[in-house]
Amino acid sequence: MKVVDEVLATVTGFLATRTSRRGFLARTAVVGSALTVSPWGFLTRPQTAYAAVCGIDSTCSSGYTVFCATVNNGVNRCPPGSLVGGWWKSDGSGYCCGGARYYIDCHSYCSCGCGGRRKFCGEGCRNCSCGCGPAGQCDQRKVCCNEFRYGQCNQDTGCTGPVWCRVVTCTPPWRIPAWNCTTTSATDQRTNAHTAPALRDCTPIGREYTAIGGPGSVLGEQRTPELGTPGPGGTYQLFDHGSIYHSPGTGAHEVHGLILEKFGDLGWEAGVLGYPTTDELSTPDGRGRFNHFERGSVYWTPGTGANAVVGAIREAWKAWGWEAGPLGYPVTDELGTPDGRGRFNHFQGRRTGGSVYWTPATGAQVVLEEIRDAWARLGWETGRLGFPVTSQAATPDGRALYNHFERGSIYSSPATGAHAVAGAVRDLWAAAGWETGPLGLPTTDETAVAGGGSQDFEGGSVYLSPATGAHTVTGPVRTAFRSAGGPARWGFPAAEPETAGGGRVRQRFERGTAVLTTATGAVIFG
């Protein structure tokens, strides 16, 4: 490229001495384009810069037809009012990265028929008029003049107008259902060097488009030329049913359908997701589709729609097995919590659902099924428990599952259900050994009673009041206490049970003492 740069400087310097400033700028632009498209061809072959940009036979007198991209706002497709009438190819085209380049003739439709044995309709029946390419660019080939048809495509339409313009593709035309072409081949190697400034085949987007099937792919035909994204270095192109985005860091990838709509809703590549890093792919279970992006993913199923998962929540979902894990597919985008402190996504789960909640202080934590249901009943993160500070985990004995939250915990087992433990009750339970201690797992939530509260566990109950704090009541003492009127009659327990002489256990309450004879199970309040 150093040699090319030196020659460019010499050539532009030569032009500058022989033209006005405006003419010099125009000529150097053409030379620069020629060096970009075909540097050695321009420097070593007897041709003009215009020929290097547009290839040979680029004049109106050459007899060849203009490219559609030249007369169709830069879009390489047949204009409205035309149909594909036939095709030929040129092998070893540099424009198709060394593969075959296919040239497709777009013929004008006829509005009033051909009459007799004629194959082409007259001037008054065509959607275009014979002329040359637009002024100001080098593709000056004929427009709507050549009454010639290869005829491998749309053979059920026998009467057409002349060739309006030419489309090029690196995809064999017979692989494009909409074009209705046969495999009968024609070859013209001379057209190997035909091109136009608006045609860009062997670009990252062009290579991606060809790799997925070109106009015969899920994207369909082009709607725009390649365009630059607002961010530096990026390009994109719109198609009938999707888009291809490219950046130097991510490569070129297609996005289509409802995932594309979600991508757009979230700000395209400038939004939270960034550029795509994969094409749209099928999930391993075959139920859904997804694209990964620089900073997130969008997953879709018929039942859930398309939802975005990003950042730390996406990392937690990934760690739990993506959609194949217990969370399943996302059923919401990432959303902000009502208090503004955190973010969350809800997921399908395997029974009643799951969620991942995140705050800067707690990180991203997974809450599932019955535990999530219990947390929801208590007001989610705005309720008594606050945000989760752990993901769901199993207890050491394997009997139950739990999540810890900012101000409490929820424990769940098939035998006991899911119940929250918080505040002074949780502190007492934790000091006694959690679920492996004498109380076991909670069997109820905390309930209000006589100005205080109580909560039942497998091995007893915890009663608490502002005056006495939290204390356990177990076994025969709990049974007798409740039968004798409970806190309404005897007040709340004022101390933990203590061993007394003679095989007895004593526990003080606000308005009396219970004495248990362990040999007989008899309890006396006094």
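Note that the coordinates shown come from a computational prediction; the quantities given were computed from them, not determined experimentally.

A. Spotlight on the overall build of the protein chain. A count of helices and strands for the protein chain gives 12 helices and 29 strands. On C-alpha atoms alone, the protein chain measures out to a radius of gyration of 38 Å, which is more than a quarter above the 24 Å that the 2.2 N^0.38 rule sets for 526 residues. Principal axes of the C-alpha set define a box for the protein chain whose edges measure 120 × 60 × 35 Å. The burial tally for the protein chain puts 50% of its 526 residues in the buried class. Counting only contacts in the protein chain whose residues sit at least 6 apart along the sequence, the fraction spanning at least 24 positions is 49%. Accessible surface computed for the protein chain: about 23200 Å², of which carbon and sulfur atoms make up 54%. In the protein chain, 45 side chains carry a positive charge and 43 a negative one; their mean positions are 5 Å apart.

B. Region of interest: the sheet that holds strand S2 (residues 101-108). The antiparallel open sheet is built from three strands, whose spatial order is S1-S2-S5. The open sheet has two free edges, formed respectively by strand S1 (82-90) and strand S5 (163-169), since each of these has just one partner strand. Going across the sheet, the axis of each strand differs from the next one's by a mean of 25°, ignoring polarity.

C. Up close: the sheet that holds strand S24 (residues 460-465). The antiparallel open sheet is built from four strands, whose spatial order is S22-S23-S24-S25. In the strand order of this sheet, the two ends are held by strand S22 (447-449) and strand S25 (469-473), each with one partner. Put simply, the sheet's adjacent strands are angled 30° from each other on average, direction ignored. Pairing analysis gives five bridges linking S24 to S25, with the strands arranged antiparallel. Note that in S25 the partner of Leu464 across the bridge is Ala470. Against the sheet, helix H10 (residues 423-431) contacts strand S23 (452-457), S24 and S25, and its axis sits at roughly 50° relative to S25. Contacts from helix H11 (residues 475-483) reach S23, S24 and S25 within the one sheet, and its direction differs from that of S24 by about 55°.

D. Broad picture of the environment of Thr171. Examined against the element boundaries, Thr171 turns out to sit in the loop between S5 and helix H6 (204-211). On a C-alpha basis, the gap between Thr171 and Thr210 in space is 6.1 Å, while along the polypeptide they are 39 residues apart. Thr171 has contacts with Tyr102, Ile176, Thr210, Gly213, Gly214 and Pro215, leaving out every residue within four places of it along the chain.

E. Highlighting helix H8 (residues 311-319). Every buried residue belonging to H8 is among Ile313, Arg314, Ala316 and Trp317, and all of these are buried. Buried residues of H8, seen end-on, are gathered within an arc of 160° and therefore sit on one face of the element. At its buried positions, H8 is contacted by strand S11 (289-293), strand S12 (296-301), strand S13 (305-310), strand S15 (343-347), strand S16 (354-359) and strand S17 (363-368).

F. Highlighting H11. Among the residues making up H11, those that are buried are Val477, Ala480 and Phe481. The buried residues of H11 occupy an angular sector of 105° when projected down its axis, which confines them to one face. Counted as exposed and oriented over 90 degrees from the buried face of H11: Thr479 and Ser483. Positive phi appears at Gly485, one or two residues downstream of H11, with a value of about 110°.

G. Up close: the pattern of salt bridges. This model, assessed by the stated rule, comprises 20 salt bridges. Across the pair Asp91 and Lys89 runs a salt bridge whose closest N-O atoms are separated by 3.3 Å. Owing to a relative accessible area of 34%, Asp91 belongs among the partly exposed residues under this scheme. Put simply, Glu334 and Arg343 hold a salt bridge, and the shortest N to O gap is 2.9 Å. Its relative accessible area of 31% is what places Arg343 among the partly exposed residues.

H. Representation of the state of the cysteines. Counted according to the given criterion, the structure contains 12 disulfides. Covalent S-S linkage joins Cys96 and Cys170, the inter-sulfur distance amounting to 2.0 Å. Its S-S torsion of approximately -90° makes the covalent link between Cys96 and Cys170 left-handed. Of this pair, Cys96 sits in the loop between S1 and S2 while Cys170 sits in the loop between S5 and H6, and the two are 74 residues apart along the sequence. By relative accessible area, Cys96 is classed as buried at 9%. Assessed through its relative accessible area of 18%, Cys170 is described here as buried. Covalently, Cys130 is tied to Cys145 through a disulfide, its sulfur atoms 1.9 Å apart. In this structure the cystine formed by Cys130 and Cys145 twists about its S-S bond by roughly 100°; its chirality is therefore right-handed. Of this pair, Cys130 sits in the loop between S2 and strand S3 (131-132) while Cys145 sits in the loop between strand S4 (142-143) and S5, and the two are 15 residues apart along the sequence.

I. Structural context of the side chain of Thr359. Secondary-structure assignment places Thr359 in strand S16. Side-chain polar atoms of Thr359 contact the side chain of Thr362, separated by 2.6 Å. Once residues lying within four places of it in the same chain are set aside, the contact partners of Thr359 are Arg341, Gly342 and Phe387.

J. Focus on empty space enclosed by the protein. Counted by the stated rule, this structure contains one cavity of 30 Å³ or more. Empty space within the largest cavity amounts to approximately 270 Å³. As for the largest cavity, its lining consists of 24 residues, and the residues nearest its centre are Asn76, Arg200, Asp201, Tyr209 and Gln222. Elements represented by at least two residues in the lining of the largest cavity include exactly S5, H6 and strand S7 (235-239). Considering each element in turn, the lining of the largest cavity owes the most residues, four residues, to H6. Looking at the lining of the largest cavity, its residues break down into 11 nonpolar, nine polar and four charged.

K. Highlighting the pairing of S25. Counting buried positions over the five residues of S25 gives four, a clear majority of the element. Remark: three residues form the turn of the hairpin made by S24 and S25, two consecutive strands paired antiparallel.

Calculation criteria
- Residues numbered from 1 in each chain as written.
- Predicted model: local features only at pLDDT ≥ 70, side-chain atom pairs only at ≥ 80, totals over all residues.
- Heavy atoms only, no water.
- Helix = DSSP H or I, 4+ residues; strand = E, 2+ residues; numbered from the N terminus.
- Rg over C-alpha atoms; globule rule 2.2 N^0.38 Å.
- Buried < 20%, exposed > 50% of the residue type's maximum accessible area, 1.4 Å probe, protein only.
- Contact = heavy atoms within 4.5 Å.
- Areas by Shrake-Rupley, 256 points an atom, 1.4 Å probe, with all protein chains shown as cover.
- Lys, Arg positive; Asp, Glu negative; His and termini not counted.
- Charge placed at Lys NZ, Arg CZ, Asp CG, Glu CD.
- Pairing = 2+ DSSP bridges.
- Axes fitted to C-alpha atoms, helices over the stretch in contact; angles between N-to-C directions.
- Arc of directions from axis to C-beta.
- Salt bridge = Lys/Arg side-chain N within 4 Å of Asp/Glu carboxyl O.
- Disulfide = S-S within 2.5 Å.
- Polar contact = N/O pair within 3.5 Å; in protein donor to acceptor, adjacent residues only side chain to side chain.
- 1 Å grid on protein atoms, 1.4 Å probe; cavity = no way out; pocket = protein on both sides within 12 Å on 5 of 7 lines; lining within 4 Å.
- Points joined across faces, edges and corners; volume = space filled by probe spheres on them.
- Nonpolar A, V, L, I, M, F, W, Y, C, P; charged D, E, K, R; others polar.

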